[in-house]
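Residue strings, one per chain:
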2 protein chains.
Amino acid sequence: MSKLLIVGTVAFDAIETPFGKTDKILGGAATYISLSASKFGVNSGIVSVVGGDFPKSHLNMLEKNGIDISGIEIIKNGKTFFWSGKYHNDLNVRDTLITELNVLADFNPIVPQAFVDAEFLMLGNLHPAVQMGVIKQMPKRPKLVVLDTMNFWMNNTLPELMEVIKKVDVITINDEEARQLSGEYSLVKAAHKIHTMGPKYVVIKKGEHGALLFNNGNVFFAPALPLEEVFDPTGAGDTFAGGFIGYLTKTEDLSFGNMKNAIIYGSNLASFCVEKFGTTKMETLSQSEIQQRLTQFKNLTQFDIELQ
Amino acid sequence: MSKLLIVGTVAFDAIETPFGKTDKILGGAATYISLSASKFGVNSGIVSVVGGDFPKSHLNMLEKNGIDISGIEIIKNGKTFFWSGKYHNDLNVRDTLITELNVLADFNPIVPQAFVDAEFLMLGNLHPAVQMGVIKQMPKRPKLVVLDTMNFWMNNTLPELMEVIKKVDVITINDEEARQLSGEYSLVKAAHKIHTMGPKYVVIKKGEHGALLFNNGNVFFAPALPLEEVFDPTGAGDTFAGGFIGYLTKTEDLSFGNMKNAIIYGSNLASFCVEKFGTTKMETLSQSEIQQRLTQFKNLTQFDIELQ
């Protein structure tokens, strides 16, 4: 069975949406990615860092979901990364209220020995130098490296980011970031240009408008499931990425057809993530719920026209 | 063979996009709807009005495409409806520069005798009183009535619009209009509410983000085809509606499964409309191009995951 290594933040989030407000709750890219990937029963491990203030109960929860936490360094006299944000009525817009890097400021990732030969590597959204640090600790190149990043790194650490982009198979970014990175407004042209930077696969996330997968001329689209209510969008993109790489790790099939399935599973899991605050829904999500929603995705997208 | 009656504007448009600029060219909702529906070889007729300034060559072109123009009244000493608009770099935003109603101001629609028993009725976007005037001239209710409208009528003639909405089977509006009409932000909730106003089917058009079809709990999504370049979005919504009702008129099958196909054909044809200025592409579009694009839509959306 293939192994999946995930690098990313494990953090505290404080979230305000039109529907309510939370104190510091469990958050972080690696948290959402690993919980999502865990639904496929894969052998996964996290590389991250937290402070002495991070509750043991959160770590236990991750372990109970089959996630190896030996790569989560605990800095006893440090504080855990903290992000606070507020969503507008249209949940596509959010303001960041607080960003406290804390222990993340000096994070020096160390890949546990058991995962240096992982076949699948997910680089969650954080400083490209940290992402590169993880790549360099893996003597054999993984079968598939997926990179998530954001406009902040394009604005502040572009040369380092470009070095990482060169080394990955898949990049996942949102539509505005694809436009910024490529200088092209058309997402088709943007994807073409990003291919030339390294990634054979470009995944463009459009939030409630779904996600596009490009692979040198091939293109696939997965809609977001239309929901009665989106409660809290935090973590949806990470959950999407976790579902994508989790499914690929389980099936070990990197054909474009199977990538399509992976994108659908990513959308499927993300549609659950947004139904409750933080990781609440992802912690209890059952296989039968996922399978039921897969039927909804089929009904939503599949049609049967005979070609003439 | 079923007949399709289309009421809507036949007009002059002057369009500016980031890619160029036109003088007064052929435009109008009924023009785009009928050209799109004509690709299915249906027996269709237009009810509309133009001025003495309207070139005979445009009418000839419509006739050559098999469209009955006997219901297009020509007011010799009047001027044709004229709209001028400018699109921003992101083509989702446009400014209306000029609207000259001209002969449309006093338009009193008269349905040609040959079409009073049409089984399919498309109410293109114009004053709800005109739409109602057409409905009342049809002694037997058509099998399917599709209504297109916009925020302008919601703002200025809401009571009259609501009377029309009560009488139709399908309403097609964009996402912002669905929110305005229903007072609900969630499109799922908006569709539920609009069902209670009359229409069993609610089609929500999201431009480059595709279209949703709701029918009391059932939902289907058709993406827009990701294009290298969108040249001129004018008429895309009408072309979509024309493809939708044209396919239904041809197949005479009103099951939800066939409605899905109709939505896909609508998206298919709209993806051509935006490739050139005005009606240019629609006038020459061939069956083989449409079938080829259908294959692209299948590749874009169809996946094959086994349920577990």
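What counts and what doesn't
- Throughout, a residue's number is its position along its own chain's written sequence, starting from 1.
- For naming, the first written chain is A and the first written ligand is 1, with later ones following in the order written.
- The predicted origin of the model limits local features to residues at a pLDDT of at least 70 and limits the giving and counting of side-chain atom pairs to 80 or more, whereas totals for whole chains, interfaces and linings rest on all residues.
- Numbering of helices and strands starts at the N terminus; helices are DSSP runs of H or I of at least 4 residues and strands are runs of E of at least 2.
- Just to be clear, the radius of gyration here is over C-alpha atoms, and the globule rule we use is 2.2 Å times residues to the power 0.38.
- Comment: burial labels come from other C-beta atoms within 10 Å of the residue's own C-beta, placed from the backbone, where a count of 20 or more is buried, 12 or fewer is exposed, and between is partly exposed.
- For the purpose of contact definition, each residue receives a C-beta atom placed from its backbone, and two residues are in contact when these atoms lie within 7 Å.
- Only Asp, Glu, Lys and Arg are considered charged, only Ala, Val, Leu, Ile, Met, Phe, Trp, Tyr, Cys and Pro nonpolar, and every remaining residue, Gly among them, polar.
- At least two DSSP bridges between two strands are needed for those strands to be called paired.
- Fitting of the copies onto one another was done by least squares over C-alpha atoms, counting residues only where both copies have pLDDT of at least 70.
- To get an axis, a line is fitted to the C-alpha atoms, and for a helix only the part in contact is used. The angle between two axes follows their N-to-C directions and goes from 0 to 180 degrees.
- In these notes the angle categories are as follows: under 35 degrees is roughly parallel, over 145 is roughly antiparallel, 65 to 115 is roughly perpendicular, and the rest is oblique.
- By the definition used in this description, the sense in which the near helix is turned from the far one sets the handedness, with an anticlockwise turn below a right angle giving left-handed and a clockwise turn giving right-handed.
- Each direction from the helix axis to a C-beta atom contributes to the arc, which is the arc of those directions.
- Each nonpolar core comprises buried Ala, Val, Leu, Ile, Met, Phe, Trp, Tyr and Cys residues, the members being joined through C-beta atoms within 7 Å.
- Each residue carries a pLDDT score, the predictor's own confidence in it, on a scale running from 0 to 100.

Q: Whenever I open this one, the overall build of chain A confuses me. Can you help?
A: Tallying secondary structure elements over chain A gives eleven helices and 15 strands in all. For 308 residues, the compact-globule estimate of 2.2 N^0.38 gives 19 Å, and the C-alpha radius of gyration of chain A, at 18 Å, lies within 12% of that figure. When the backbone C-alpha atoms are referred to their principal axes, chain A occupies close to 70 × 45 × 40 Å. Across the 308 residues of chain A, 51% fall into the buried class.

Q: I tried to follow unusual backbone geometry on my own but got confused; where do I start?
A: Most peptide bonds take the trans form, and the phi angle of most residues other than glycine is negative. In the Ramachandran plot, A:Glu252 falls in the positive-phi region, its phi being about 55 degrees despite a non-glycine side chain. Summarising the element assignment, A:Glu252 is placed in the loop between helix 8 (236-251) and helix 9 (256-273).

Q: Can you help me understand the interface of chain B and chain A in this one?
A: The accessible area lost on association of the parts is a frequent measure of interface size. Contacts between the two partners involve 32 residues from chain B, matched on the other side by 31 residues from chain A. For the side of chain B that touches chain A, the elements supplying multiple residues, two or more each, are helix 7 (187-197), strand 15 (218-222), helix 9 (256-273) and helix 11 (287-301) of chain B. If one sorts the elements of the side of chain B that touches chain A by residue count, helix 11 of chain B sits on top with five residues. Tallied by class, residues from the side of chain B that touches chain A come to 16 nonpolar, ten polar and six charged.

Q: I would appreciate a short explanation of the pairing of strand 1 (residues 3-7) of chain B in the present structure.
A: A regular strand places its side chains so that they alternate between the two faces of the sheet. Residues and elements named next belong to chain B. When you tally the buried positions in strand 1, you get four out of five residues, the bulk of the element. Here strand 1 runs beside strand 5 (residues 43-51); their pairing, made up of five bridges, is parallel. Paired with Ile6 across the strands is Ile46, a residue of strand 5. Pairing geometry for strand 1 and strand 10 (residues 120-123), over four bridges, is parallel. Among the inter-strand pairings, Leu5 is bridged to a residue of strand 10, identified as Leu121.

Q: Mind showing me how you'd approach the relation of the copies chain B and chain A here?
A: Here the second copy of the chain follows from the first by a rotation about an axis and a shift along it. Each copy superposes on the other: chain B lies on chain A with an RMSD of 0.0 Å after a rotation of 180 degrees and an axial shift of 0.0 Å. Considering both components of the superposition, the chain copies are consistent with a two-fold axis. Of the residues that chain B buries at the interface, 97% are likewise interface residues in chain A, meaning the two copies contact each other through the same surface.

Q: I'm lost on the packing of helix 6 (residues 175-182) of chain B against helix 7 of chain B in this one. Help?
A: All names here are of chain B. Running from N to C, helix 6 and helix 7 cross one another at 55 degrees; their axes reach a closest spacing of 9 Å. What the angle tells us is that helix 6 and helix 7 run oblique. For helix 6 against helix 7, the interelement crossing comes out left-handed. Together, Asp175, Ala178, Arg179, Leu181 and Ser182 of helix 6 and Leu187, Ala190, Lys193 and Ile194 of helix 7 make up the contact between the two elements. A per-class count over the contact of helix 6 with helix 7 returns five nonpolar, one polar and three charged.

Q: So what exactly am I meant to see when it comes to helix 6 (residues 175-182) of chain A here?
A: Every α-helical turn comprises 3.6 residues, leaving residues that sit three or four positions apart pointing alike. Residue and element names in this part refer to chain A. Taken residue by residue, helix 6 has Glu177, Ala178, Leu181 and Ser182 as its buried positions. Each buried residue of helix 6 lies within a common arc of 120 degrees when the element is viewed along its axis, so the set occupies one face. For helix 6, the elements touching its buried residues are helix 4 (151-156), strand 12 (170-174), helix 7 (187-195) and strand 13 (201-205). Phi turns positive one or two residues past the end of helix 6, at Gly183, with a value near 70 degrees.

Q: Help me out: how do you make sense of the environment of A:Lys193 in this one?
A: The residue A:Lys193 is located in helix 7 in this model. For the pair A:Lys193 and A:Phe272, spaced 79 residues apart in the sequence, the C-alpha separation amounts to 33 Å.

Q: Got a minute to help me understand the nonpolar core in this structure?
A: Buried together is how nonpolar side chains tend to be arranged in soluble globular proteins. Of all hydrophobic cores here, the largest spans 190 residues; its most connected members are A:Met122, A:Val146, A:Leu213, B:Met122, B:Val146 and B:Leu213. With residues near it in sequence (within four places) discarded, B:Met122 still touches B:Leu4, B:Ile6, B:Ile33, B:Val146, B:Ala241 and B:Ile245.

Q: Just to check I follow, could you spell out the confidence of the model for chain A for this structure?
A: Regions with low pLDDT should not have their predicted coordinates read in detail. The pLDDT averaged across chain A works out to 96; a share of 100% of its residues lies at or above 70. Here the complex is predicted with pTM 0.95, and the ipTM for its interfaces comes to 0.93.

Q: Would you mind showing me how to read the pairing of strand 8 (residues 82-87) of chain B here?
A: All names here are of chain B. Two strands pair when backbone bridges link them, and strand 2 (residues 11-17) and strand 8 are joined in this way by five bridges, in the parallel orientation. Looking at the pairing, Ile15 lines up with Gly85 of strand 8. Sheet topology places strand 8 next to strand 9 (residues 94-100); six bridges connect them, and they run antiparallel. Within strand 9, the residue paired with Lys86 across the bridge is Asp95.

Q: When you look at the environment of B:Leu158 in this model, what are you seeing that I'm missing?
A: Its place among the elements puts B:Leu158 in helix 5 (residues 158-166). The class for B:Leu158 is partly exposed, based on 13 C-beta atoms found within 10 Å.

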